[in-house]
Amino acid sequence: MDDAASVEGWLSANEVSCVRLVATNHDGLVLGKHMSPPKFLSALERGSPLADTAFGVDPSGEVALGWDWGRWRGEVADIVLAPDPATLIVDPNLDG
């Protein structure tokens, strides 16, 4: 699938009602967000923002070494999750 129309067709054919857009942090924890198919389709072009602080904590929620949210940062920045349609799968354990 290399364009939004084919992805939209795949989502429809598989009766997808919720898409999980995920990445892993340095500890292997899955981070991301759930979104509707229309929101996911818009993310194909622009990506979807996620606070970068989500990647700076360990499994217990403590700040990991090497991350500094000092005054030099200013506002909390976002990273952009860029969906890869080639990795789309249907989770057999969930409806929709």
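Residues numbered from 1 in each chain as written. Predicted model: local features only at pLDDT ≥ 70, side-chain atom pairs only at ≥ 80, totals over all residues. Heavy atoms only, no water.

*Asks:* Account for the pairing of strand E1 (residues 19-24), with residues named and values stated.
*Replies:* Summarising the sheet, E1 and strand E2 (residues 30-35) pair through 6 bridges and their orientation is antiparallel. Across the sheet, residue Thr-24 finds its bridge partner in E2, namely Val-30. The hairpin formed by E1 and E2 contains 5 residues between the paired strands, and Gly-28 there has a positive phi angle of roughly 85°. (Pairing = 2+ DSSP bridges. Helix = DSSP H or I, 4+ residues; strand = E, 2+ residues; numbered from the N terminus.)

*Asks:* Run through the nonpolar core, naming residues and quoting values.
*Replies:* In this structure, Val-7, Leu-11, Val-19, Leu-21, Met-35 and Phe-40 are the most contacted members of the largest nonpolar core, which totals 14 residues. Taken together, the elements giving at least two residues each to this core come down to helix H1 (4-13), E1, E2 and helix H2 (37-46). At 3 residues, H2 tops the list of elements feeding residues into this core. If we skip the residues at most four places from it in the chain, Val-7 touches Met-1, Phe-40, Leu-41, Leu-44, Pro-85 and Leu-88. (Core = buried A, V, L, I, M, F, W, Y, C linked by side-chain atoms within 4.5 Å. Buried < 20%, exposed > 50% of the residue type's maximum accessible area, 1.4 Å probe, protein only. Contact = heavy atoms within 4.5 Å.)

*Asks:* So, the packing of H1 against H2: which residues are in play, and what are the values?
*Replies:* Look at H1 against H2: their axes get within 10 Å of each other, and the N-to-C directions meet at 155°. Put simply, H1 runs roughly antiparallel to H2. Judged by the sense of rotation from one axis to the other, the crossing of H1 with H2 is right-handed. When H1 is examined against H2, the residues Ala-4, Val-7, Glu-8 and Leu-11 are found in contact with a partner set consisting of Pro-37, Phe-40, Leu-41 and Leu-44. The residue makeup of the contact of H1 with H2, split by class, is 7 nonpolar, no polar and 1 charged. (Axes fitted to C-alpha atoms, helices over the stretch in contact; angles between N-to-C directions. Parallel < 35°, antiparallel > 145°, perpendicular 65-115°, else oblique. Left-handed = near helix turned anticlockwise from the far one by under 90°. Nonpolar A, V, L, I, M, F, W, Y, C, P; charged D, E, K, R; others polar.)

*Asks:* Kindly report on the pattern of salt bridges, identifying the contributing residues and their values.
*Replies:* Summed over all chains, the structure comprises 1 salt bridge. The partner of Arg-20 in a salt bridge is Asp-91, with the nearest N and O atoms 2.7 Å apart. You can see Arg-20 sitting in strand E1 and its partner Asp-91 sitting in the segment after strand E4 (78-81), a full 71 residues away along the chain. (Salt bridge = Lys/Arg side-chain N within 4 Å of Asp/Glu carboxyl O.)

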